[in-house]
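In case you want the letters, here they are:
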Protein chains: 2
Amino acid sequence: MTAPIYNRVALIGLGLIASSMAHAMKAGGLAAEIVGYAKSAESRATALEIGFIDRAAATAAEAVEGADLVVLAVPVGAMGAIAAEIGPYLAPGATVTDVGSVKQAVIDAVRPHIPEGVHFIPGHPMAGTEYSGPRSGFATLFRNRWWLLTPLEGHDPVALARFRALVEGFGAKVDTMDAPHHDVVLAVVSHTPHLIAYTMVGVADDLARVTDSEVIQYSAAGFRDFTRIAASDPTMWRDVFLTNKDATLEILGRFTEELFALQRAIRLGDGDHLHAYFTRTRAIRRGIIEAGQDTSAPDFGRGQPPSGGRDG
Amino acid sequence: MTAPIYNRVALIGLGLIASSMAHAMKAGGLAAEIVGYAKSAESRATALEIGFIDRAAATAAEAVEGADLVVLAVPVGAMGAIAAEIGPYLAPGATVTDVGSVKQAVIDAVRPHIPEGVHFIPGHPMAGTEYSGPRSGFATLFRNRWWLLTPLEGHDPVALARFRALVEGFGAKVDTMDAPHHDVVLAVVSHTPHLIAYTMVGVADDLARVTDSEVIQYSAAGFRDFTRIAASDPTMWRDVFLTNKDATLEILGRFTEELFALQRAIRLGDGDHLHAYFTRTRAIRRGIIEAGQDTSAPDFGRGQPPSGGRDG
């Protein structure tokens, strides 16, 4: 096992992502010491009990002292306040990163509080399950997953390379891009689909004529996929939509245009329009299987990232 | 192994559902003889080659001669023409069933052609994968899946019980309801979700600013679930939307109302509205896991029905 990449890692927030990072760091010997902070005392105690942190701190400011890597793993809406609190206590030469699923809003909130000499590398691990909290983490969450980085202009390439090494040590694949582009891509592949799934589940819930038990009972029909998406953490997602507002609204607008066109085709009985549309979308599915981001085998490894061994 | 339930089963259409029924009948000794018809000569040859039919017929009329069970497994839009063709050749006392995912439209198209003394039991197996054609079938497709029956008024209870025994022999669970109710339930749990998934995938495809490769590359983010739904057979789905028009349009209308309400909350920055909505939908997800229609384990048995042994 090679030398640790970081001496002291401070995890601010101890939910699914932070705890999984910690498990992966421990498994790979990537950090010499891991300090954890969460607002909830119970989460701190759980993290110590499970053992994926070495020490718990009672405040975020205390956690970051002497840390060479600080991970902001709190809801996006809380990033600014946390950054303001820890700013004065960050060690010179430290790297601060985040794991929020929107980037521009996080940069706007955090950057003003990062002192000269401290590296800020905004990031976004594209991984997750429907669970939350310190008990939900596991070491392999990031294997074969994309971890997107949006380094700022004038960033230090050595600091970037060091952080990249950590993330690759988790088994993740790294891509860099600018923050606005990240936010549009995510609006398309994640944020708007989530909103749509939430809405469909909400509509099913409202219907008086179809009982809840039937919706649940027959939910293997396609609806089940929507409910899995709609079970994601409400706080995290509220913040995502509030902070990736423009890109989400734009994609939503496109979506409703398309939906109305299909609705019109249905009303008018235009079978050709429907058939052509559905045929086109099948091709995207094939592309995804080929890109290795999914498998047509029965085990999609749901909740676990696809990996060579399991998908065979 | 008990005696076969039917003497001669005629499969009209040899796609995923028909071929899976045939595999299941062979595995369980549920039918003494299986005759198959498909429009495509290649499908007939494939079915014979694989061996899930004993004999291929060159026409649907020929296939149903002397059959005590006839399964209409063609796209919903083709049901009427097929029924007109086979009507005069159905054996007295035979049972005719279908596997279409809409019921009222099938009943309207088929019923006029069913002679006196022949039993018509419309049905809908709620099972499927993203694949089509005679090579896609397998014996366990229906295990633990719901098979909905919408028997007509004045139906023969013995004929119904006999068909039910066959379906339960496949490992499926049976529920009966009236056709209009079936169609509304399906609009909620399947048809509208599918349309929405198709639309989201189509929107992603259209976007010039986000390259196809990024959409595909980062598609594990939630979008992947949509693409799996959107890879379903275009012909089948075109027919579903054309024939379950009213129920689908009603659910679509409700969906767009809800979506606009959420869109408005995003535009106005109403975090409380969003949080409350997302929290409510999580409960439905829990209900589904409890109802045994899904599992929180990594292996969701995607493409295979959930079964006691695999989900543990």
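A quick note: this is a predicted structure, and the numbers were derived from the prediction, not measured. (Residues numbered from 1 in each chain as written. Chains lettered and ligands numbered in written order. Predicted model: local features only at pLDDT ≥ 70, side-chain atom pairs only at ≥ 80, totals over all residues. Heavy atoms only, no water.)

(A) Representation of the overall build of chain A. Along its length, chain A carries 13 helices and 9 strands. Relative to its full complement of 312 residues, chain A shows a buried share of 59%. Element-wise, carbon and sulfur atoms account for 52% of the exposed surface of chain A, whose accessible area totals about 11,200 Å². (Helix = DSSP H or I, 4+ residues; strand = E, 2+ residues; numbered from the N terminus. Buried < 20%, exposed > 50% of the residue type's maximum accessible area, 1.4 Å probe, protein only. Areas by Shrake-Rupley, 256 points an atom, 1.4 Å probe, with all protein chains shown as cover.)

(B) Geometry of the domain arrangement of chain A. All names here are of chain A. For chain A, the assigned domains are domain 1 (6–177) and domain 2 (181–291). Placing the centre of domain 1 and that of domain 2 at their C-alpha centroids yields a distance of 31 Å. The partner domain 2 presents 15 residues to the 16 residues of domain 1 that form the contact. When residues of domain 1 are sorted by the area they lose upon contact with domain 2, S101, V102 and E130 head the list and together hold 39% of the total. At the surface where domain 1 touches domain 2, the tally comes to 0 salt bridges. Summed over the shared surface of domain 1 and domain 2, the result is 5 residue pairs in polar contact (both at pLDDT 80 or more). (Domains from an automatic or database assignment. Contact = heavy atoms within 4.5 Å. Buried area = accessible area lost by both parts, 1.4 Å probe. Salt bridge = Lys/Arg side-chain N within 4 Å of Asp/Glu carboxyl O. Polar contact = N/O pair within 3.5 Å; in protein donor to acceptor, adjacent residues only side chain to side chain.)

(C) Summary view of the pairing of strand β5 (residues 95–98) of chain B. All names here are of chain B. Here β5 shows two buried faces, one formed by T95 and T97 and the other by V96 and D98. Here strand β4 (residues 69–72) runs beside β5; their pairing, made up of 4 bridges, is parallel. The partner of L69 across the bridge, within β5, is T95. Following the backbone out of β4, through helix α4 (residues 79–86) and into the adjacent parallel β5, one traces a crossover that is right-handed. Where β5 and strand β6 (residues 119–121) come together, 3 bridges link them in parallel fashion. Across the sheet, the residue bridging to T95 is H119, located in β6. The β-α-β motif built from β5, the intervening helix α5 (residues 104–110) and the parallel element β6 has right-handed crossover chirality. (Pairing = 2+ DSSP bridges. Right-handed = clockwise from strand over helix to strand, strands pointing away.)

(D) Representation of the nonpolar core. Within the largest apolar cluster, 140 residues are counted, with the highest numbers of intra-cluster contacts made by I12 and V70 of chain A together with I12 and V70 of chain B. I12 of chain B has contacts with Y37, A60, A63, V64, V70, V71, L72, A73, V74 and I82 of chain B, leaving out every residue within four places of it along the chain. (Core = buried A, V, L, I, M, F, W, Y, C linked by side-chain atoms within 4.5 Å.)

(E) Focus on the pairing of strand β2 (residues 31–37) of chain B. Residues and elements named next belong to chain B. β2 sits mainly inside the fold: 5 of its 7 residues count as buried. By the bridge criterion, 6 bridges tie strand β1 (residues 6–12) to β2 in an arrangement that is parallel. Counterpart to R8 in the pairing with β2 is E33. Read from β1 through helix α1 (residues 16–28) to β2, the crossover connection turns out right-handed. Summarising the sheet, β2 and strand β3 (residues 55–56) pair through 2 bridges and their orientation is parallel. Bridge pairing in β3 places G36 opposite A56. Following the chain from β2 across helix α2 (residues 41–50) to the adjacent parallel β3, one finds a crossover that is right-handed.

(F) The arrangement of the interface of chain A and chain B in detail. Counting from both sides, the interface comprises 104 residues of chain A and, opposite them, 104 residues of chain B. Buried area between chain A and chain B, summed over both chains or domains, comes out near 10,100 Å², and the portion from carbon and sulfur atoms is 66%. Where chain A touches chain B, the interface holds 0 salt bridges. Our count for the contact surface shared by chain A and chain B stands at 4 residue pairs in polar contact (both at pLDDT 80 or more). Counting only elements with at least two residues in the side of chain A that touches chain B, the list comes to β8 (146–149), α7 (179–206), α8 (212–217), α9 (223–229), α10 (234–243), α11 (245–268) and α12 (271–290) of chain A. Among the elements that take part in the side of chain A that touches chain B, α7 of chain A stands out by supplying 21 residues, more than any other.

(G) Broad picture of the side chain of H182 of chain A. Mapped onto the secondary structure, H182 of chain A falls in helix α7. Taking the relative accessible area as the measure of exposure, H182 of chain A reaches 0% and is therefore buried.

(H) The environment of T199 of chain B, seen in detail. Relative to the helices and strands, T199 of chain B is located in helix α7 (residues 179–206). The class for T199 of chain B is buried, based on a relative accessible area of 0%. Along the primary structure T199 of chain B and T227 of chain B are separated by 28 residues, whereas in three dimensions their C-alpha atoms are 10.0 Å apart. With residues near it in sequence (within four places) discarded, T199 of chain B still touches F255, E258, L259, L262 and Y277 of chain A.

(I) Representation of the relation of the copies chain A and chain B within the structure. Laying chain A over chain B is done by rotating through 180° and shifting 0.0 Å along the axis; what remains is an RMSD of 0.0 Å. Such values leave the two copies arranged in the relation of a two-fold axis. Most of the interface of chain A is mirrored in chain B, where 100% of its interface residues again form contacts. (Least-squares fit on C-alpha atoms with pLDDT ≥ 70 in both.)

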